[in-house]
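# Structure at a glance
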Amino acid sequence: LGMGALRGRMLTEARVRRLMADVAEGLAAAHRRRVYHRDIKPNNIVLDGETGRGMVLDFGISAAYGSRRRKSLGSKLTEEGMYLGTPTYMSPEQANAEDVTGKSDVYSLGVLAFELLVGHPPFEGTPVAIVAAHMGTVAPRVDELRSDVSEELATLVARCLDKNPARRPSAEEIAQYLAPGERRAVEWPPPGMSRVRRLGARLLASGTATAVASAIFFGLLGIWPALAILRTEGGEPSLVRSFGLGASLAMVFGL
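Thresholds, definitions, all that
Residues numbered from 1 in each chain as written. Predicted model: local features only at pLDDT ≥ 70, side-chain atom pairs only at ≥ 80, totals over all residues. Heavy atoms only, no water. Salt bridge = Lys/Arg side-chain N within 4 Å of Asp/Glu carboxyl O. Helix = DSSP H or I, 4+ residues; strand = E, 2+ residues; numbered from the N terminus. Buried < 20%, exposed > 50% of the residue type's maximum accessible area, 1.4 Å probe, protein only. Axes fitted to C-alpha atoms, helices over the stretch in contact; angles between N-to-C directions. Parallel < 35°, antiparallel > 145°, perpendicular 65-115°, else oblique. Left-handed = near helix turned anticlockwise from the far one by under 90°. Contact = heavy atoms within 4.5 Å. Patch = residues over 30% accessible without salt bridge, like charges linked within 9 Å, V, L, I, M, F, W, Y side chains within 5 Å. Areas by Shrake-Rupley, 256 points an atom, 1.4 Å probe, with all protein chains shown as cover.

## Digging into the pattern of salt bridges
Using the criterion set out here, one finds ten salt bridges in the structure. Two residues, Arg32 and Glu172, come together in a salt bridge whose shortest N-O distance is 2.8 Å. Here Arg32 is found in the loop between α1 (13-31) and β1 (45-47), whereas its partner Glu172 is found in helix α8 (residues 171-178), with 140 residues between them in sequence. In this structure Glu172 comes out as partly exposed when scored by relative accessible area, which is 34%. The salt bridge involving Glu93 is made with Arg168; its shortest N-O contact spans 2.8 Å. Here Glu93 is found in helix α3 (residues 92-95), whereas its partner Arg168 is found in the loop between α7 (151-160) and α8, with 75 residues between them in sequence.

Below you can see the structure in the form of structure tokens.
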């Protein structure tokens, strides 16, 4: 979704609901393992080209956090004056160097949904101003900025952007709320399998062509064995037969 793909575009509500559900499902799977992303933003969301499904990438900050904890460098990543995360999508507790939970990722998901619906994030400016706004300024509701967004979705986004983590929904609740039926269905073909499926189709076509060409070639030799005789006794070689036989063999082996 990043790398200039948005450029101020406002996506439809149906598209945003699907993306929110997909990202929330991915986050819920991570949260069940006590893994928190800490940097949900457009650049870390990729769309599968075949199904359109949104998938979460780059748990690098989470890995860095775990590495620092294992080295006993303290529980705050700001002890050396360093914040891990992107200010535009950073939760208030993350900006305040408090403990990060799954609800912090939910806040970032709310910022992402706000941007997808309105065309810009809720807070803009310098990094310091953005962090201060996340900590003390209530974001406007998306249905106040865009009339065709339902009150239901606007309320969900507002709940995700609540300053109090306890009042935000969990990623699992968001996924179940936005797509309760789809979560139980097995998605087929699986996301990311388009390249393999195209390769399988090419192999099948090549194998079929080889079988057909071989059957025709050896069938003709069985019906007319003289086709394989390139030179009769005391006669001149048949250039046409030689060329036809060689080309047919080359085609079969080439396939």
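## Some points on the packing of α1 against α7
Between α1 and α7, the shortest axis-to-axis distance is 11 Å and the interhelical angle comes to 40 degrees. The angle between α1 and α7 places the two elements in the oblique class. Judged by the twist between their axes, the crossing of α1 over α7 is left-handed. Facing Glu13, Arg17 and Met20 of α1, the residues of α7 in contact are Glu152, Leu153, Leu156, Val157 and Cys160.

## Considering a nonpolar patch on the surface
On the surface, Val212, Ile216, Leu220, Ile223 and Trp224 cluster together into a nonpolar patch covering about 500 Å² of accessible area. Here Ile216 is to be found in helix α9 (residues 194-223).

## Considering unusual backbone geometry
Of note, Arg34 is a non-glycine position whose phi angle comes to about 60 degrees, a positive value. Considering the arrangement of structural elements, one finds Arg34 in the loop between α1 and β1. Using a relative accessible area of 68% as the deciding quantity, one classes Arg34 as exposed.

Note that all results are geometric; they support no functional claim without further evidence.
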